[in-house]
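This is what each chain is made of:
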Amino acid sequence: MGQVPPPTGACTEDEEDVVVAADAIATPAPDAGDPELAVQQRKGKRKKKKRRRRRKRPTEQEVAARRSVLRWACPGREAVGDHEAGDVGRRRPRVAVELHAHSAFSDGSLSPADLVERAHRNGVKVLALTDHDTMAGVPEAVEAAKQYPIRIIPGVEISAVHSPSGDEMSAEEPVHILAYYGAWGPAKPQELERFLAIIRDGRYARAKQMLQKLKDLGMPMKLEDVCKIAGNGVAPGRLHVARAMVDAGYVENLRQAFSRYLFDGGPAYATIE
């Protein structure tokens, strides 16, 4: 991966210096000329302040992870010493970090390049691309990041199933594992890709199961239509099925599709085998 200069001023390792920007990429820039929106923003700020007061201190594991990301994002910078940490009124620079982002290579709406551009526009300095069961979008993201002071963490969100041991009556539970790699990617990329390809095949089988359940509920749809929405070579997921339901007129929006049919354990839900 090409070397990108670390973000200016982002050099401390205190646990409060990293902002995990879960909504930084998805939130578009507001329209400053809309007075109604300005009122909503003021209300939103008040709510954020309340949430900030109730925020729990991060665990030791979370602090260690954030510090690790900062050391990688700010190579060669010295950590703030204890004597500096006691300076009251001195506002330390922060680094916005997004560790869970999807592109159009899974169920996101933006290409990896557009995702990187939006992340930069929203102040993100460290971005992990974690598409569902594929790392196909990582090269494009890495290339796009060369234009901005932003670092890319190659990643993937792996679909898995947790089977409780020693309890035959307990149902299996779906688990999504976020895997992160160094700048050069996984040590055994071909082996990982073979593993992910098997999971992606399971996504097609799951889509068929969901469509069969929806058909039984009086909402017939074709797998071809769902795959067309997903895009060429993209394994279909619940979001693509939900979009097909909206297009077919069975539900008014994506929220309704999930809340009524596609939620975990819902009447049209299916797990990846």
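Here is a short report on the structure shown in this document. (Residues numbered from 1 in each chain as written. Predicted model: local features only at pLDDT ≥ 70, side-chain atom pairs only at ≥ 80, totals over all residues. Heavy atoms only, no water.)

This next bit is on the overall build of the protein. The number of helices and strands found in the protein is 9 helices and 5 strands. N-terminal to C-terminal, the α/β element order of the protein is β-α-α-α-β-α-β-α-β-β-α-α-α-α. Long-range pairs, those at least 24 residues apart, make up 69% of the contacts in the protein with a sequence separation of at least 6. Looking at the protein as shown, the accessible area adds up to about 16,700 Å², and 51% of this sits on carbon and sulfur atoms. (Helix = DSSP H or I, 4+ residues; strand = E, 2+ residues; numbered from the N terminus. Contact = heavy atoms within 4.5 Å. Areas by Shrake-Rupley, 256 points an atom, 1.4 Å probe, with all protein chains shown as cover.)

Before going further, it helps to spend a moment on helix 2 (residues 60-73). For helix 2, spanning 14 residues, the distance from its first C-alpha to its last is 20 Å, which sits close to the expected 20 Å at 1.5 Å a residue. Along helix 2, the positions that sit buried rather than exposed are Val63, Val69, Leu70 and Ala73. Down the axis of helix 2, the buried set is contained in an arc of 125°. They therefore lie on one face. Among the exposed residues of helix 2, those pointing more than 90 degrees away from its buried face are Glu60 and Gln61. (Expected span 1.5 Å × (residues − 1). Buried < 20%, exposed > 50% of the residue type's maximum accessible area, 1.4 Å probe, protein only. Arc of directions from axis to C-beta.)

Our focus in this paragraph is the pattern of salt bridges. Pairs can form between side chains of opposite charge whenever their charged atoms are close. For the structure on display, the rule yields 5 salt bridges. Linking Arg200 and Glu193 is a salt bridge whose minimum nitrogen-to-oxygen distance equals 2.4 Å. Residue classification places Arg200 among the buried residues on the basis of a relative accessible area of 17%. Judged by relative accessible area, which is 34%, Glu193 ranks as partly exposed. (Salt bridge = Lys/Arg side-chain N within 4 Å of Asp/Glu carboxyl O.)

By size, the foremost hydrophobic cluster in this structure holds 24 residues, and its most contacted members are Val116, Leu127, Ile150, Ile152, Val156, Ile158 and Leu196. Ranked by residue count, the leading element in this core is helix 5 (residues 138-145), at 5 residues. When residues of this core are assigned to domains, at least three map to each of domain 1 (93-187) and domain 2 (194-272). Residues within four places of Ile158 in sequence aside, it is in contact with Asp133, Val175, His176, Ile177, Ala179, Phe195, Leu196 and Ile199. Counting 18 residues, the second-largest nonpolar core is a separate cluster that includes Ala257, Tyr261, Leu262 and Ala268. (Core = buried A, V, L, I, M, F, W, Y, C linked by side-chain atoms within 4.5 Å. Domains from an automatic or database assignment.)

Now for the environment of Val138. Along the chain, the position of Val138 falls in helix 5. Taking the relative accessible area as the measure of exposure, Val138 reaches 9% and is therefore buried. Between the alpha carbons of Val138 and Gly155 there is a distance of 7.8 Å; along the sequence they are 17 residues apart. When neighbours within four sequence positions are excluded, Val138 is seen to be in contact with Leu129, Pro154 and Gly155.

What follows covers the packing of helix 8 (residues 238-248) against helix 9 (residues 254-262). One can describe the packing of helix 8 onto helix 9 by two numbers: an axis separation of 9 Å at closest approach and a directional angle of 110°. Classed by the angle they form, the pair helix 8 and helix 9 counts as roughly perpendicular. Of the two possible hands of crossing, helix 8 and helix 9 adopt the one that is right-handed. Residues Arg238, Leu239, Val241, Ala242, Arg243, Met245 and Val246 of helix 8 lie in contact with helix 9, whose contacting residues are Leu254, Ala257, Phe258, Tyr261 and Leu262. (Axes fitted to C-alpha atoms, helices over the stretch in contact; angles between N-to-C directions. Parallel < 35°, antiparallel > 145°, perpendicular 65-115°, else oblique. Left-handed = near helix turned anticlockwise from the far one by under 90°.)

Looking at the secondary structure, you find Arg203 in helix 6 (residues 189-216). The exposure class of Arg203 is buried, given its relative accessible area of 5%. With 44 residues separating them along the chain, Arg203 and Ser159 place their C-alpha atoms 9.4 Å apart.

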